[in-house]
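# Structural description and commentary
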Amino acid sequence: MQVKIEPSWAEHLTGEFEKSYFEELTAFVKKEYQEGKVYPAPKNIFHAFDLCPFEKVKVVILGQDPYHGEGQANGLAFAVDEGTKLPPSLQNIFKEIQSDMAVPFVASAKKGDLTRWAEQGVLLLNATLTVRAHQAGSHQEKGWEQFTDAVIKALSEEREHLVFMLWGNYAKAKGAHIDRSKHLVLEAPHPSPFSAYSGFFGSRHFSRANDYLLSHNSTPIDWR
């Protein structure tokens, strides 16, 4: 099956596109777009991969679903387009960065497009890459999880010294596919307002990631 995805990812994931589950997933997603409103826009389903080729990945931040509200999801986990009001989880991510890295945070800045991170090697990966409008979790258990498991497994097996940030129980479960002898796995509660004060705040994942990258002769991420 021909899939429009960045060439290096197409090479490493080519076997997935030929499997029956992916054909069934593709048929389901196409039907969903035809029958109603689905996020993100079709051109942005693989946006995270397009901005961050396989060999350039340094950090993987794993989300669950795309945002399901109007004008939010853009294909990058936790991100929104420039000028869009920051969702609460992203506000909390920025607050943790401010505390951890001593960088300024202005909630009204509306700079939620995290392309600047993706271009430095941060794969902003949702476990499920599409969602029906206003129906959280509506595209779960349709095949996306198997596909993103394959993504994580390929990175774990074929790369070394990556940082995986797993926030919340859903993301932590995906960590089963990561070789922790080769990579740094950082776990914390989800940055949602419902759980951020349970350990996401103060986790210092961003400085810890940069320290790890530096210790393995890799350029750290500018998290501003």
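In this report, we go over the structure that sits alongside the text. (Residues numbered from 1 in each chain as written. Predicted model: local features only at pLDDT ≥ 70, side-chain atom pairs only at ≥ 80, totals over all residues. Heavy atoms only, no water.)

### Observations concerning the overall build of the chain
A tally of regular secondary structure across the chain gives 8 helices and 6 strands. In sequence order, the chain lays out its α and β elements as α-α-β-α-β-α-α-β-β-α-β-α-β-α. Computed over its C-alpha atoms, the radius of gyration of the chain comes to 17 Å, within 12% of the 17 Å expected for a compact globule of 224 residues. Seen along its three principal axes, the alpha-carbon backbone of the chain occupies a region of about 45 × 40 × 25 Å. Relative to its 224 residues, the chain shows a buried fraction of 54%. Excluding contacts between residues fewer than 6 apart, the proportion of contacts in the chain whose partners are at least 24 apart in sequence is 67%. Of the roughly 10500 Å² that the chain leaves accessible, carbon and sulfur atoms contribute 50%. Charged side chains in the chain number 24 positive and 28 negative. The centres of these two groups are separated by 5 Å. (Helix = DSSP H or I, 4+ residues; strand = E, 2+ residues; numbered from the N terminus. Rg over C-alpha atoms; globule rule 2.2 N^0.38 Å. Buried < 20%, exposed > 50% of the residue type's maximum accessible area, 1.4 Å probe, protein only. Contact = heavy atoms within 4.5 Å. Areas by Shrake-Rupley, 256 points an atom, 1.4 Å probe, with all protein chains shown as cover. Lys, Arg positive; Asp, Glu negative; His and termini not counted. Charge placed at Lys NZ, Arg CZ, Asp CG, Glu CD.)

### Comments concerning the sheet that holds strand 3 (residues 122-126)
Strand order across the open sheet formed by 4 strands is 3-2-5-6, with parallel pairing between neighbours. Edge strands, defined here as strands with exactly one partner in the open sheet, are strand 3 and strand 6 (184-188). Each adjacent strand pair in this sheet contributes to an overall mean axis angle of 20 degrees, direction not counted. Across 4 bridges, the pairing between strand 2 (residues 59-63) and strand 5 (residues 163-167) is parallel. If you follow L62 over to strand 5, its bridge partner there is L166. On the sheet, helix 6 (residues 144-158) packs against strand 2, strand 3 and strand 5 and is oriented at approximately 155 degrees with respect to strand 3. Strands in contact with helix 8 (residues 205-215) are strand 2, strand 5 and strand 6; relative to strand 5, the strand with the most contacts, it is inclined by about 165 degrees. (Pairing = 2+ DSSP bridges. Axes fitted to C-alpha atoms, helices over the stretch in contact; angles between N-to-C directions.)

### Let's talk about the packing of helix 1 (residues 7-17) against helix 6
Helix 6 packs onto helix 1 with a crossing angle of 135 degrees between their chain directions and a minimal axis gap of 10 Å. Put simply, helix 1 runs oblique to helix 6. The handedness of the crossing between helix 1 and helix 6 is right-handed. Along its contact with helix 1, which presents W9, H12, L13, E16 and F17, the element helix 6 presents Q146, F147, A150, V151, L155 and E158. (Parallel < 35°, antiparallel > 145°, perpendicular 65-115°, else oblique. Left-handed = near helix turned anticlockwise from the far one by under 90°.)

### Overview of the pairing of strand 3
Taking burial as the measure, the 5 residues of strand 3 include 5 buried ones, the bulk of the element. What you see with strand 3 is no split at all: V122, L124 and N126 on one side and L123 and L125 on the other are buried throughout. Relative to strand 3, strand 2 runs parallel, the two being bridged by 5 bridges. The partner of V60 across the bridge, within strand 3, is L123.

### Digging into the environment of E158
Secondary-structure assignment places E158 in helix 6. The exposure class assigned to E158 is partly exposed, which follows from its relative accessible area of 43%. Here the alpha-carbon distance between E158 and R224, two residues 66 residues apart in the chain, equals 29 Å. With residues up to four places along the chain from it excluded, the contact list for E158 reads H12, F54 and K182.

### Topic: the pairing of strand 6
As paired elements, strand 5 and strand 6 share 5 bridges and run parallel to each other. Each bridged residue has a counterpart across the sheet, and for V163 the counterpart in strand 6 is L184. In terms of handedness, the path from strand 5 via helix 7 (residues 169-174) over to strand 6 forms a crossover that is right-handed. (Right-handed = clockwise from strand over helix to strand, strands pointing away.)

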